[in-house]
Amino acid sequence: MTPAARALAGALEPVTGQVYFAPECHEAYAALGFSGSPATNKGVAAPDGPAYFCSRGSLLGQVPGEVVAAAFGVFNPDVVVKAVGYGWTLTDSATISDARTRGATAQLVRILGERPDRIDEARPLLDRAVEPLRPEGRPLFSGLRSVGLPGDPVGDVWRLGDMLREYRGDAHIASWTAAGFDATEIGLLSEAYWGMPMRTYVRSRAWTDEQLDAAYERLASRGLVADGALTEEGRAQREAVEEATDRQCRPIVDALGDDLPTLVEILRPWGKAVRDAYGYPGRGMHDMADAAKR
């Protein structure tokens, strides 16, 4: 279960997650009154905070920031609530949701073309993977499913892939909360699990030094971290969270069966092309986790 589920997640990530870095999205959000991309990192355009929270959060409808913070799971709610409140003074959920879809599709078409290689094979496989998935405890997946498909080949493939990405994300939150972690704790554990120094990636989630200090002390008191690194028990518990996430993705793996490697084989060149065009960071969470395990 674990190798198959993680292989698919890793292959999907740059193809679907590119929505958060697409210049076409940033430009569409700027046209609505947001700030556009604030900076680039190694050629990749970073997202504007309020635009990110409102565009992804629009899948839930025009909900308050507290709901977006709960669904996203890992961000400081104080920051999310303010950002979403500001964003809804500029636009509404339907408008920014449409901008999100158009921008993500436009970047893929720009990089991969209107008929990416083997898209006619990928579409029915993605349909199969999504079809059996249930909504219980899956707010972002369910929100995406409620929006429906855009109706063009690239847009439909992107939306189906994004459903799978959000399904795993919803499952991951269920896994770490069930394991007894909070957002600051899982952020610190994940950095070390990925092989990153603590307090690097987690800072993008807007936690304060005081909040991270307290989280580290809680983890240390439970024997999960020491001297800024995972202990053996800490690594085991963080891996257990990932394995629990993999198990929740069993319906996807079972639906694809022996065709899962084929879908991964189709997606990987697309993801490489997106990265080569600076549409997604050169290394993501899945890459870092794989490198750390090696």
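Now for a description of the structure that goes with this document. (Residues numbered from 1 in each chain as written. Predicted model: local features only at pLDDT ≥ 70, side-chain atom pairs only at ≥ 80, totals over all residues. Heavy atoms only, no water.)

## Re the side chain of Arg159
Then, number 1: Note that Arg159 resides in helix 9 (residues 153–178).
Then, number 2: It is Asp162 that comes nearest to the buried, bridge-free Arg159 among opposite-charge side chains, at 5.3 Å.
Then, number 3: Apart from residues no more than four positions distant in its own chain, Arg159 is found in contact with Thr101, Leu144, Val147, Gly148, Leu149 and Pro150. (Helix = DSSP H or I, 4+ residues; strand = E, 2+ residues; numbered from the N terminus. Buried < 20%, exposed > 50% of the residue type's maximum accessible area, 1.4 Å probe, protein only. Lys, Arg positive; Asp, Glu negative; His and termini not counted. Salt bridge = Lys/Arg side-chain N within 4 Å of Asp/Glu carboxyl O. Contact = heavy atoms within 4.5 Å.)

## Digging into the nonpolar core
Then, number 1: Of all hydrophobic cores here, the largest spans 63 residues; its most connected members are Leu8, Ile252 and Trp270.
Then, number 2: If sequence neighbours within four positions are ignored, Ile252 has contacts with Leu8, Ala129, Leu133, Leu164 and Tyr167.
Then, number 3: In terms of nonpolar packing, the next biggest core, distinct from the first, is built from 22 residues, Trp176, Leu188, Leu212 and Leu224 among them. (Core = buried A, V, L, I, M, F, W, Y, C linked by side-chain atoms within 4.5 Å.)

## Notes on the packing of helix 6 (residues 93–112) against helix 9
When two helices pack together, you describe them by how their axes are tilted relative to each other and by the distance separating the axes.
Then, number 1: Contact pair helix 6 / helix 9: the axes reach a minimum separation of 9 Å and the direction vectors enclose 110°. By the angle between their axes, helix 6 is roughly perpendicular relative to helix 9. With respect to the hand of their crossing, helix 6 and helix 9 are arranged in right-handed fashion. Contacts between helix 6 and helix 9 involve Arg100, Thr101, Ala104, Thr105, Leu108 and Val109 from the former and Val154, Gly155, Trp158, Arg159 and Asp162 from the latter.
Then, number 2: Broken down by class, the residue content of the contact of helix 6 with helix 9 amounts to 5 nonpolar, 3 polar and 3 charged. (Axes fitted to C-alpha atoms, helices over the stretch in contact; angles between N-to-C directions. Parallel < 35°, antiparallel > 145°, perpendicular 65-115°, else oblique. Left-handed = near helix turned anticlockwise from the far one by under 90°. Nonpolar A, V, L, I, M, F, W, Y, C, P; charged D, E, K, R; others polar.)

## A short note on the pattern of salt bridges
Then, number 1: With the rule as written, the count across this model stands at 23 salt bridges.
Then, number 2: Notably, a salt bridge pairs Asp156 with Arg123, separated by 3.1 Å at the nearest N-O pair. With Asp156 in helix 9 and Arg123 in helix 7 (residues 119–130), the pair connects residues that are 33 residues apart, well separated along the chain.
Then, number 3: Given a relative accessible area of 7%, Asp156 falls into the buried group.
Then, number 4: Taking the relative accessible area as the measure of exposure, Arg123 reaches 27% and is therefore partly exposed.
Then, number 5: With its nearest N and O atoms 2.5 Å apart, the salt bridge here joins Asp213 to Arg199. Of this pair, Asp213 sits in helix 11 (residues 209–221) while Arg199 sits in the loop between helix 10 (183–193) and helix 11, placing them 14 residues apart in sequence.
Then, number 6: Among the residues examined, Arg199 registers a relative accessible area of 23% and is labelled partly exposed.
Then, number 7: Each of Arg6, Arg168, Arg238, Glu239, Glu242 and Asp246 takes part in salt bridges that share partners, so that together they form one network.

## Focus: the packing of aromatic side chains
Then, number 1: Inspection of every chain in the model, using the stated rule, returns 10 aromatic pairs.
Then, number 2: Through a chain of ring-to-ring contacts, three or more aromatic side chains come together here, namely Tyr20, Tyr52, Phe53, Phe72 and Phe75.
Then, number 3: Its end group placed over the ring of Tyr193, Arg238 keeps NZ or CZ at 4.4 Å from the ring centre. (Phe/Tyr/Trp six-rings, centres within 6.5 Å; stacked < 30°, edge-to-face > 60°. Lys NZ or Arg CZ within 6 Å of the ring centre and 35° of its normal.)

## Considerations on the side chain of Glu166
Then, number 1: In this structure, Glu166 sits in helix 9.
Then, number 2: Overall, Glu166 belongs to the buried group, its relative accessible area being 1%.
Then, number 3: A polar contact of 2.9 Å, which involves the side chain of Glu166, links it to the side chain of Arg56.
Then, number 4: Contacts of Glu166, omitting those with residues within four sequence positions, involve Tyr20, Arg56, Leu59, Leu140, Phe141 and Leu144. (Polar contact = N/O pair within 3.5 Å; in protein donor to acceptor, adjacent residues only side chain to side chain.)

## Overview of unusual backbone geometry
Then, number 1: Positioned with a positive phi, Lys42 is a non-glycine residue whose angle comes to about 55°.
Then, number 2: By the secondary structure assignment, Lys42 is in the loop between strand 1 (40–41) and strand 2 (44–45).
Then, number 3: What makes Lys42 exposed here is its relative accessible area of 76%.
Then, number 4: Phi at Tyr278 is positive, roughly 60°, even though this residue is not glycine.
Then, number 5: Tracing the backbone shows Tyr278 in the loop between helix 14 (260–276) and helix 15 (285–293).
Then, number 6: Since its relative accessible area comes to 48%, Tyr278 is described here as partly exposed.

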